[in-house]
Amino acid sequence: MKNRPSRCEASRIDVVNAFSGLKKPPPYHPTQDIKEIIRLSLAEDAGDLGDITSLATIPADTQTTATFLAKADGILAGVIVADMVFEALDPNIKTEWTSRDGDRITKGMKFGTATGSAISLLTAERVALNLMQRMSGIATATHLMAEAAKPAIILDTRKTAPGLRVLDKWAVTIGGGENHRMGLYDMLMIKDNHVESAGGITAAVTRARDYLSRHNLQLTIELETRTLDEVKEAMEVVKGAKPRTGEICRIMLDNMDVSTMKEAVQIIGGAVATEASGNVTIDSVEAIGKSGVTYISSGALTHSVAALDISFNVESVLS
């Protein structure tokens, strides 16, 4: 698309951490840490006694190699996370991968192995698989929708699994989508309930800008609209005096049919980015993408994800 307005980049914080060398690093979150997610997940599964079945049946010194097997076609995501799971449980486990995050895998493909203590491997197995399967399912769904949506860009939403937001949103980027705001803290999104409570779009934006100014917050604003009249009111605000903070970076077109969306895009005229939202499916996204909107957000990418079927099978006992 020509002259595409920039995303709300001013609201984002650059990710500078151990993942910074990756082509698709995890998104930044101020209070969520992937290592802590893994620690809690392992503790949840092992409880206070550990993997008692493995401890009771397998000699403590048994070493083995297990293989990751794709049982369905899809986009792989969670390889790095699986490595972190094994590292957290037993640093002596060694992994080898023939496919990496973002690669396409097909049913029947063996794409990785893990070698080490049999007890450690089986203790870590379910957590590694749960996270990899969920992330791969999200990446696969995102890839399909992102391809169908072109030239529009697919965004995720906050409809993620509690405690897994960083991983869910990371999987979206691995699949070819982009992240919307991470949470309630990094961007103002003025939706219908805010508008109703504030007394209208103009009143809500005025109060939001005043709040940002008083608290010295350099954040941007997205406005939700549901009708063409609301789009016109939103544009009056956009065309008003430029504020010191609280720039409107995007207008959301919520639950509009494609015809109405096209009219809304014409009214906005490229002044700010546009985002289609509401009941977006793989069947509807192609037509929405051709309406002229900049972005299309879909909660289904993360709240209705089907995990990609992957198995972890012991193939050889080394001792």
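Structure's up top.
These remarks concern the structure in this document. (Residues numbered from 1 in each chain as written. Predicted model: local features only at pLDDT ≥ 70, side-chain atom pairs only at ≥ 80, totals over all residues. Heavy atoms only, no water.)

1. Side note on the overall build of the chain
- Secondary structure summary: the chain contains 11 helices and 12 strands in total.
- Residues classed as buried in the chain amount to 50% of the 319 residues present.
- Long-range pairs, those at least 24 residues apart, make up 75% of the contacts in the chain between residues at least 6 apart in sequence.
- Of the accessible surface of the chain, which amounts to about 15600 Å², a share of 50% is contributed by carbon and sulfur atoms.
- Charge-centre separation for the chain: the mean point of 34 positive side chains lies 6 Å from the mean point of 40 negative side chains. (Helix = DSSP H or I, 4+ residues; strand = E, 2+ residues; numbered from the N terminus. Buried < 20%, exposed > 50% of the residue type's maximum accessible area, 1.4 Å probe, protein only. Contact = heavy atoms within 4.5 Å. Areas by Shrake-Rupley, 256 points an atom, 1.4 Å probe, with all protein chains shown as cover. Lys, Arg positive; Asp, Glu negative; His and termini not counted. Charge placed at Lys NZ, Arg CZ, Asp CG, Glu CD.)

2. A word on the pattern of salt bridges
- Within the structure shown, the criterion is met by 12 salt bridges.
- R250 serves as the salt-bridge partner of E222, at 3.5 Å between the closest nitrogen and oxygen. Within this pair, whereas E222 is found in strand β8 (residues 221-225), its partner R250 is found in strand β9 (residues 248-254), the two being separated by 28 residues in sequence.
- The class of E222 is buried, set by a relative accessible area of 0%.
- On the basis of relative accessible area, R250 is assigned to the buried category, the value being 2%.
- Where salt bridges share partners, they join E196, R226 and E230 into one cluster. (Salt bridge = Lys/Arg side-chain N within 4 Å of Asp/Glu carboxyl O.)

3. With respect to the environment of Y295
- As for its position among the elements, Y295 is in strand β11 (residues 295-297).
- Residues Y295 and P25 lie 270 residues apart in sequence; the distance between their C-alpha atoms is 21 Å.

4. Some words on the sheet that holds β9
- Spatially, six strands are ordered β6-β11-β10-β9-β8-β7 in an open sheet, and the strand pairing comes out parallel. With partners counted over all chains shown, the strands left at the sheet margins are β6 (153-155) and β7 (188-190), one partner each. Sheet twist, expressed as the mean angle between neighbouring strand axes with direction ignored, is 25 degrees.
- Here three bridges tie β7 to β8, and the two strands are oriented parallel to one another. When the sheet's bridge partners are listed, M189 is paired in β8 with E222. (Pairing = 2+ DSSP bridges. Axes fitted to C-alpha atoms, helices over the stretch in contact; angles between N-to-C directions.)

5. Here we look at the packing of aromatic side chains
- For the structure shown, the criterion picks out six aromatic pairs.
- Aromatic pair F68 and W97: ring centres 4.9 Å apart, planes at 40 degrees, arrangement tilted. On the criterion of sequence distance, the pair formed by F68 in strand β1 (residues 63-70) and W97 in strand β3 (residues 94-97) is long-range, its members being 29 residues apart.
- Accessibility expressed as a relative area gives 14% for W97, which makes it buried.
- For the pair F68 and F111, a centre-to-centre distance of 5.9 Å together with 35 degrees between the ring planes defines the contact as tilted. Placement of F68 in strand β1 and of F111 in strand β5 (residues 110-117) is noted, with a sequence separation of 43 residues between them.
- According to the relative accessible area criterion, F111 is buried, its value standing at 0%.
- Within the aromatic cluster, the residues linked to one another by ring pairs are F68, F86, W97, F111 and F312.
- The ring of Y295 has R250 sitting right over it, with the charged end atom 4.7 Å from the ring centre. (Phe/Tyr/Trp six-rings, centres within 6.5 Å; stacked < 30°, edge-to-face > 60°. Lys NZ or Arg CZ within 6 Å of the ring centre and 35° of its normal.)

6. A word on the sheet that holds strand β12 (residues 310-317)
- In space, the four strands of this open sheet follow the order β3-β5-β1-β12, with antiparallel pairing throughout. Each edge of the open sheet is held by one strand with a lone partner, namely β3 and β12. Taken over all neighbouring pairs, the strand axes of this sheet differ in orientation by 20 degrees on average, direction set aside.
- Two elements, β3 and β5, share four bridges in a ladder whose sense is antiparallel. Bridge pairing links E96 to T113 in β5.

7. So, the environment of E236
- Checked against the element boundaries, E236 lands in helix α8 (residues 228-238).
- For the pair E236 and T202, spaced 34 residues apart in the sequence, the C-alpha separation amounts to 8.6 Å.

8. Some thoughts on the packing of helix α3 (residues 79-89) against helix α4 (residues 118-149)
- Interaxial distance between α3 and α4 falls to 9 Å at its minimum, and their mutual angle equals 155 degrees. Classified by the angle their axes make, α3 and α4 are roughly antiparallel. With respect to the hand of their crossing, α3 and α4 are arranged in right-handed fashion. The residues of α4 that touch α3, namely those facing V79, V81, A82, V85, F86 and L89, are S120, L121, T123, A124, V127, A128, L131, M132 and M135.
- Its residues assigned to classes, the contact of α3 with α4 comprises 13 nonpolar, two polar and no charged. (Parallel < 35°, antiparallel > 145°, perpendicular 65-115°, else oblique. Left-handed = near helix turned anticlockwise from the far one by under 90°. Nonpolar A, V, L, I, M, F, W, Y, C, P; charged D, E, K, R; others polar.)

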